[in-house]
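The chain contents come next:
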Amino acid sequence: MPELVLPTTTVRESFLEAMDEFVAEGAEHSQTAAWIEHNAPGWKHPDAFAAFVEAVRADALAETPRPQWHVPCTTLWWVDGEDYLGRIAIRHELNDFLLDVGGHIGYDVRPTRRREGHATAMLRHALPWALGLGIDPALVTCDDDNVGSVRVIEAAGGVLEDVRGVKRRYWVPTTS
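These lines cover the structure that appears in this document, whether it is placed above or below. No experiment lies behind these values; they were computed from the predicted model shown.

## Considerations on the overall build of the chain
Of the regular secondary structure elements, the chain holds six helices and seven strands. Since a compact globule built from 176 residues should have a radius of gyration of about 16 Å, the 15 Å found for the chain is in line with a globular shape. Structurally, the chain occupies a C-alpha span of about 45 × 35 × 30 Å along its principal axes. Counting across all 176 residues of the chain, residues that qualify as buried make up 42%. Expressed as a percentage of contacts within the chain between residues at least 6 apart in sequence, the contacts between residues at least 24 apart total 61%. When the accessible surface of the chain is summed, it comes to about 9,300 Å², and 53% of that surface belongs to carbon and sulfur atoms. Treating the 16 positive side-chain charges of the chain as one cloud and the 27 negative ones as another, the clouds have centres 3 Å apart.

## Side note on helix α5 (residues 118-132)
The terminal C-alpha atoms of α5 lie 22 Å apart, and with 15 residues this matches the ideal 21 Å at 1.5 Å per residue to within 8%. Among all positions in α5, only His118, Ala119, Met122, Leu123, Ala126, Leu127 and Ala130 are buried. In this structure, the buried residues of α5 make contact with β1 (3-5), β2 (73-80), β3 (83-91), β4 (105-109), α6 (147-155) and β7 (167-172). Gly134 sits one or two positions beyond α5 and adopts a positive phi of about 85°.

## Structural notes on the packing of aromatic side chains
The final tally for this structure, using the stated rule, is 12 aromatic pairs. Among the aromatic residues, ring-to-ring pairing joins Phe15, Trp35, Trp43, Phe49, Phe52, Trp77 and Tyr84 into one connected group.

## Overview of the side chain of Thr141
Mapping Thr141 onto the fold places it in strand β5 (residues 138-143). For Thr141, the residues in contact, after removing those within four places along its chain, are Val101, Gly102, Gly103, Ile153, Lys167, Arg168 and Arg169.

## Considering the pattern of salt bridges
Counting across every chain of the model gives 12 salt bridges. For Arg87, the salt bridge identified is with Asp108, shortest N-O distance 3.3 Å. With Arg87 in strand β3 and Asp108 in strand β4, the pair connects residues that are 21 residues apart, well separated along the chain. Judged by relative accessible area, which is 3%, Arg87 ranks as buried. Note that Asp143 is salt-bridged to Lys167, the shortest N-O span being 2.7 Å. Within this pair, whereas Asp143 is found in strand β5, its partner Lys167 is found in strand β7, the two being separated by 24 residues in sequence. Because the salt bridges share partners, they merge into one network encompassing Asp100, Glu161, Asp162, Arg164 and Arg169.

Rules of the game
- Residues numbered from 1 in each chain as written.
- Predicted model: local features only at pLDDT ≥ 70, side-chain atom pairs only at ≥ 80, totals over all residues.
- Heavy atoms only, no water.
- Helix = DSSP H or I, 4+ residues; strand = E, 2+ residues; numbered from the N terminus.
- Rg over C-alpha atoms; globule rule 2.2 N^0.38 Å.
- Buried < 20%, exposed > 50% of the residue type's maximum accessible area, 1.4 Å probe, protein only.
- Contact = heavy atoms within 4.5 Å.
- Areas by Shrake-Rupley, 256 points an atom, 1.4 Å probe, with all protein chains shown as cover.
- Lys, Arg positive; Asp, Glu negative; His and termini not counted.
- Charge placed at Lys NZ, Arg CZ, Asp CG, Glu CD.
- Expected span 1.5 Å × (residues − 1).
- Phe/Tyr/Trp six-rings, centres within 6.5 Å; stacked < 30°, edge-to-face > 60°.
- Salt bridge = Lys/Arg side-chain N within 4 Å of Asp/Glu carboxyl O.

See the structure below:
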């Protein structure tokens, strides 16, 4: 049964396969694309992958050094045993960019596991984490033409506030 977990080295092989899928798809403009750009192929070595996992986990801590335009972010991986299925990021606060475009929560599912309900389940399971961080409601955005994400966000109770450029902006309650 899939579950949200903090990043872990136990899914390394499956994670690397998933990253290859994102590369083949032409992933861009996402956290996953940034991970690939800055870490691959180094993370093919177990020690480098372990360091990457620790860095992703540390990004949730306020005291972790980060670029000025980044905010603390808890990243969770959606896994089934040792199978990496996707990731969801919960940004602890909103800066101007996140308020306009990125939102509190961003997610992606590995290409070969899409259309199986994983994004919907991930978002539902992440909402209590967001509430635990003091976020209610959570801003979740998606591209205006991303019908799948529109369905995911609306299934979680998202209420459309507006469309800004190509981004739909929804407020999703984090309380049941």
